[in-house]
Amino acid sequence: MSQALFNALLELGDDHLILGHRVSEWCGHAPLLEEDLAMPNMALDNIGASRNIYTYAGEVEGKGRDEDQLAYLRLDREYKNCLLVERPNEDFAHTMLKQLYFAAFMEPYWQAALSSTDETIRGIAGKAVKEMAYHIRHAGEWVIRLGDGTDESAKRMQAAVEEMTPYVEELFTMSADAKACAEKGILPDREALRAQWSQTISNIFDQALLDLPEVKFPQLGGRTGHHGEEMGFLLAQLQYVQRAYPGMSW
Amino acid sequence: MYSQGLIGADGATEETEEFLAAFQARIDREEKIEPNDPMPEGYRKTLVRQIGQHAHSEIVGMLPEGNWITRAPSLRRKAALLAKVQDEGGHGLYLYSAAETLGVTREQMTEELLSGKAKYSSIFNYPTPTWADMGTIGWLVDGAAIMNQIPLCRCSYGPYARAMIRVCKEESFHQRQGYELLISLCNGTKEQKEMAQDSINRWWWPSLMMFGPHDAESSHSEQSMKWKIKRFSNDELRQKFIDATIPQAEYLGLTVPDPDLKWNPEKNNGKGGYDHGEINWDEFWQVVKGHGQMNRDRIKARKKAWNDGEWVRDAALAHAEKRAARKTQQAAE
């Protein structure tokens, strides 16, 4: 069980770290000062959650690896994040939509995890569930503003929807490890969260005048370490100091 | 962070002697001047300029540190750096708001920054090539900023003084955080300690320049001192900073790149202080006038963020108008 839980925790931890990394890239470059404050906030929530998850993963693994060893010192194929979170920021529309898609999944996920059989998971969920509710609100409001704003913003928002939606399916996909954890009641069943995700998104899309496209060819692969080309560059930045100066404390 | 806000400040006023004397009397009684109070145009202009430049310094100051967010070497450091850069943005926001109480908009101030009309602190025109720079900026740059800003908490203009109280608390935390980062490097390997020393070698002189020109060269300081916008001279503050900082460098086991630095027991009325070598003022003016290593990059980055974000700001405005129109229509029905 501990191997399955370790792997399932890496899926979760990597999702939060990599999304946090992407949104942190905006810090100092946002379209308005208020967003220069909001985006680091969301990045901090995601990175903070990843720290809690990695620390617990390290305990479960029992080999003495800490949050930084897990976050920084794996090879690209060993990262288990879904493809959605590693997608480049593109523009503000893509970024906010990615944030919304992820939070609309994670909020009910953590809600369900509040009744986990595992006390540490319940603790992590208790903090994260509030943060994800805020991310839905913040990103959702922007999706509405952009979708029902100017012609240009509506066009950009719809383009982001077309581009990002094929990556959503992977959020619901259950790896063998995730299944094993769900059967024991440690982690929620991802499949079971579809209705809640769709409800949140359709509420927002109705106001944003956006249509959710039907996805015929979902993009999968991150959970098995089959990442896109951009992931290598992300890791090159993330890992740079740790790789250039191995074994030092910072 | 501090801006060299008084360089070229135009303190000229055209008010009557009587009006100016009454205003000066309020200042001398240490009364706070509030947004709706009568004030000389020169006082208002000086403050708009200084607060605006201070705000711009916070905003541009997000860039050199933001440069390391994605490369921070541990998750703890990454979170701390993100929070710190976010604080700088927050300082920019309070300061723009303080300036807005004087009748200027954030958009006007932003345009002046992007056109090069408004300046920001010269310190942010230096690059941050190594991780150690994240520690040095916290320790030296925020340290110098605090030295400048503590007296601003007593500035005669109420909104600026109140904003400074909160800003100083956060800057003081940043300074300790930066120093703690350097302690880790200095307790680390030879390479880490060398990285720290190299960083201090690069940032020491630019940090001293943050206090602005020598008193004799600082043409508009006198009026600002009289109006109690400014409470100490540039050289006084610089000396205080050096005297406070050298023992901290010694504790780290690092040196500052000044061969003329020497303890002088006679200085500061016999309390003792450090004599230091001459600052390279040519370099200072070169950077202030826009020719430092990073001046062009900093403004380019700010312009890019502003221009790329235009459609987002337009959409937010258009959406707000649509909502308001719908509300009015609903009310009419």
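Predicted model only: the values in this text are computed from it and were never measured. (Residues numbered from 1 in each chain as written. Chains lettered and ligands numbered in written order. Predicted model: local features only at pLDDT ≥ 70, side-chain atom pairs only at ≥ 80, totals over all residues. Heavy atoms only, no water.)

Describing the overall build of chain A
Put simply, the rule is: Put simply, DSSP H or I for four residues or longer makes a helix, DSSP E for two residues or longer makes a strand, and each gets a number counted from the N terminus. As a reference, a globule follows 2.2 Å times the number of residues to the power 0.38, and the radius of gyration itself is taken over C-alpha atoms. Think of it in three bands: residues with accessible area under 20% of the maximum for their type are buried, residues over 50% are exposed, and the middle band is partly exposed, with areas taken using a 1.4 Å probe on protein chains only. It only takes one pair of heavy atoms within 4.5 Å for two residues to be counted as in contact. The Shrake-Rupley method, run with a 1.4 Å probe, gives the accessible areas here. Residue values count only the displayed protein chains as cover. For the purpose of counting charges, residues Lys and Arg are taken to be positive, whereas Asp and Glu are taken to be negative. His and the chain ends are not included. Charge positions are represented by NZ for Lys, CZ for Arg, CG for Asp and CD for Glu.
Along chain A, the regular secondary structure elements total eleven helices and zero strands. Written out in order from the N terminus, the α and β elements of chain A read α-α-α-α-α-α-α-α-α-α-α. Relative to a compact globule of 250 residues, whose C-alpha radius of gyration would be 18 Å, chain A shows 18 Å and is just as compact. Expressed as lengths along the three principal axes of its C-alpha atoms, the size of chain A is roughly 55 × 40 × 30 Å. For chain A, buried positions account for 60% of its 250 residues. Of the contacts formed within chain A by residues at least 6 apart in sequence, a portion of 80% connects residues at least 24 apart. About 9,800 Å² of surface is accessible on chain A, with carbon and sulfur atoms providing 50% of the total. Of note, chain A has its 23 positive side-chain charges centred 4 Å away from the centre of its 39 negative side-chain charges.

Section: the interface of chain B and chain A
Using the following cut-off: The term buried area denotes the loss of accessible surface (1.4 Å probe radius) that occurs when two parts are joined, taken as the sum for both partners. For salt bridges, the criterion is a side-chain nitrogen of Lys or Arg within 4 Å of an Asp or Glu carboxyl oxygen. By the criterion applied in these results, polar contacts are pairs of N or O atoms within 3.5 Å in which, for protein atoms, one can donate a hydrogen and the other can accept it, and in which residues neighboring in sequence qualify only through two side-chain atoms.
Counting from both sides, the interface comprises 46 residues of chain B and, opposite them, 48 residues of chain A. In total, chain B and chain A occlude about 3,900 Å² of area from one another, counting both sides; carbon and sulfur atoms represent 68% of this. Area buried by chain B at its contact with chain A is led by B:Thr70, B:Leu75 and B:Trp311, which between them contribute 20% of it. Viewed at the interface, chain A and chain B are joined by three salt bridges. Among the salt bridges present, the one from B:Lys322 reaches A:Asp148, with a minimum N-O distance of 3.0 Å. Taken together, the connections running from chain B to chain A amount to 16 residue pairs in polar contact (both at pLDDT 80 or more). Broken down by secondary-structure element, the contributors of at least two residues to the side of chain B that touches chain A are α3 (62-66), α4 (75-100), α7 (158-186), α8 (190-209), α12 (295-308) and α13 (310-332) of chain B. In terms of residues, the side of chain B that touches chain A owes the most to one element, α4(B), which gives 14 residues.

Description of the pattern of salt bridges
Scanning the model with the defined rule gives 36 salt bridges over all chains in all. Across the pair A:Asp14 and A:Arg74 runs a salt bridge, and its minimum N-O distance is 2.6 Å. In this pair, A:Asp14 sits in helix α1 (residues 2-24) while A:Arg74 sits in the loop between α3 (67-72) and α4 (83-86), placing the two residues 60 residues apart along the sequence. On the basis of relative accessible area, A:Asp14 is assigned to the buried category, the value being 0%. The class for A:Arg74 is buried, based on a relative accessible area of 3%. A salt bridge links B:Arg202 to B:Asp133; the nearest nitrogen and oxygen atoms lie 2.8 Å apart. Of this pair, B:Arg202 sits in helix α8 while B:Asp133 sits in helix α6 (residues 132-149); the two residues are 69 residues apart in sequence, bridging distant segments of the chain.

A closer look at the packing of aromatic side chains
This is how the line gets drawn: Centres within 6.5 Å are what make two rings of Phe, Tyr or Trp a pair, Trp counting through its six-membered ring; a difference in plane orientation under 30 degrees is then read as stacked, over 60 as edge-to-face, and the rest as tilted. The rule is short: NZ of Lys or CZ of Arg within 6 Å of the ring centre and within 35 degrees of the ring normal puts a charge over the ring.
Scanning the entire structure with this criterion turns up 20 aromatic pairs over all chains. Ring plane angle 85° and centroid distance 6.0 Å describe the contact between A:Phe172 and A:Trp197, whose orientation is recorded as edge-to-face. Taken as a pair, A:Phe172 in helix α8 (residues 169-172) and A:Trp197 in helix α10 (residues 194-208) lie far apart in primary sequence, 25 residues in all. Under the relative-accessibility criterion, A:Trp197 is labelled buried at 4%. With a centroid separation of 6.2 Å and an interplanar angle of 25°, the aromatic rings of B:Trp204 and B:Phe241 are classed as stacked. Highlighted residues: B:Trp204 in helix α8 and B:Phe241 in helix α10 (residues 234-252), separated in sequence by 37 residues. Both residues of the pair, B:Trp204 and B:Phe241, belong to the buried class. The ring of B:Trp306 carries B:Arg313 above its face, with NZ or CZ at 3.5 Å from the centroid.

Focus: the environment of A:Glu163
Residues and elements named next belong to chain A. Tracing the sequence through the fold places Glu-163 in helix α7 (residues 151-164). A residue is classified by how much of its surface remains accessible, and Glu-163, at 32% relative accessible area, is partly exposed. Distance from Glu-163 to Gln-242, taken between C-alpha atoms, is 33 Å for residues 79 residues apart in sequence. Setting aside residues up to four positions removed in sequence, Glu-163 forms contacts with Arg-87, Glu-90 and His-94.

Concerning the confidence of the model for chain B
As a note on interpretation, predicted positions should not be read in detail where pLDDT is low. Rule in force here: pLDDT is a per-residue confidence score from the predictor, ranging from 0 to 100.
Averaged over every residue, the pLDDT of chain B is 94; residues scoring 70 or more account for 95%. This prediction of the complex comes with two scores: 0.95 for pTM and 0.97 for ipTM.

A word on unusual backbone geometry
Here A:Glu90, not a glycine, exhibits a phi torsion of approximately 55°, which is positive. Relative to the helices and strands, A:Glu90 is located in the loop between α4 and α5 (92-113).

Some words on the packing of α6(B) against α7(B)
Residues and elements named next belong to chain B. How we decide: Lines fitted to C-alpha atoms define the axes here, with helix axes fitted over just the stretch in contact, and angles between the N-to-C directions of these axes take values from 0 to 180 degrees. We call a crossing left-handed when the near helix sits turned anticlockwise from the far one by less than a right angle, and right-handed when that turn is clockwise. Following the grouping adopted for this structure description, the nonpolar residues are Ala, Val, Leu, Ile, Met, Phe, Trp, Tyr, Cys and Pro, the charged ones are Asp, Glu, Lys and Arg, and the polar ones are all others, Gly among them.
Viewed as axis vectors pointing N to C, α6 and α7 meet at an angle of 145°, and their least axial separation amounts to 7 Å. As α6 runs across α7, the sense of the crossing is left-handed. Here Ala-132, Met-134, Gly-135, Thr-136, Gly-138, Trp-139, Asp-142, Gly-143, Ile-146 and Gln-149 of α6 come into contact with α7, specifically with Met-164, Val-167, Cys-168, Glu-171, Ser-172, His-174, Gln-175, Gly-178, Tyr-179, Leu-181, Leu-182 and Leu-185. For the contact of α6 with α7, the per-class residue count stands at eleven nonpolar, nine polar and two charged.

Quick word on helix α5 (residues 106-115) of chain B
What counts, and what does not: By construction, the arc corresponds to the directions joining the helix axis to the C-beta atoms.
Among all positions in α5(B), only B:Arg106, B:Met109, B:Thr110, B:Leu113 and B:Leu114 are buried. One face of α5(B) carries all of its buried residues, which in axial projection span an arc of 135°. With respect to the buried face of α5(B), the exposed residues turned more than 90 degrees away are B:Glu111 and B:Ser115. Turning to α5(B), the residues buried within the fold contact α2 (33-61) of chain A together with α2 (41-60), α4 and α12 of chain B. Backbone geometry just after α5(B) places B:Gly116 at a positive phi near 90°.

Digging into helix α11 (residues 230-244) of chain A
Rules: Multiplying one less than the number of residues by 1.5 Å gives the expected span of a helix.
Helix length check: α11(A), at 15 residues, gives a terminal C-alpha distance of 21 Å against a target of 21 Å (1.5 Å per residue), a fit within 8%. A:Met231, A:Leu234, A:Leu235, A:Leu238, A:Gln239, A:Val241 and A:Gln242 are the residues of α11(A) that are buried. On its buried face, α11(A) is in contact with α1, α3 and α4 of chain A together with α4 of chain B.

With respect to the packing of α6(B) against α8(B)
Residue and element names in this part refer to chain B. Rules: Convention used here: angles under 35 degrees read as roughly parallel, angles over 145 as roughly antiparallel, angles from 65 to 115 as roughly perpendicular, and any remaining angle as oblique.
Two numbers describe how α6 lies on α8: the axes approach to 9 Å, and their chain directions differ by 30°. Judged by the angle between their axes, α6 and α8 are roughly parallel. Considering how the two elements wind past one another, α6 and α8 form a crossing that is right-handed. Judged by residue contacts, Ala-132, Asp-133, Thr-136, Ile-137, Trp-139, Leu-140, Val-141 and Ala-144 of α6 engage Met-195, Ala-196, Ser-199, Ile-200, Arg-202, Trp-203, Trp-204 and Ser-207 from α8. Tallied by class, the residues present in the contact of α6 with α8 amount to eleven nonpolar, three polar and two charged.

Quick notes on the environment of B:Gln50
Residues and elements named next belong to chain B. Examined against the element boundaries, Gln-50 turns out to sit in helix α2. Taking relative accessible area as the criterion, Gln-50 reaches 4% and is therefore assigned buried. Through-space distance from the C-alpha of Gln-50 to that of Lys-119 is 9.5 Å; in sequence the pair is 69 residues apart. A polar side-chain atom of Gln-50 sits 3.5 Å from a polar atom in the side chain of Tyr-160.

So, the nonpolar core
Inclusion rule: What makes a nonpolar core is a set of buried Ala, Val, Leu, Ile, Met, Phe, Trp, Tyr and Cys residues whose side-chain atoms join them at distances within 4.5 Å.
A:Tyr101, A:Trp110, A:Val143 and B:Trp131 are the most contacted members of the largest nonpolar core, which totals 142 residues. The biggest single contributor to this core is α5(A), with 14 residues. Apart from residues no more than four positions distant in its own chain, A:Tyr101 is found in contact with A:Leu84, A:Val161, A:Met164, A:Thr165, A:Val168, A:Leu171, A:Trp197, A:Ile201, A:Phe205 and A:Leu212. Residues B:Tyr43, B:Val48, B:Cys153 and B:Met164 belong to the second largest nonpolar core, which totals 29 residues.

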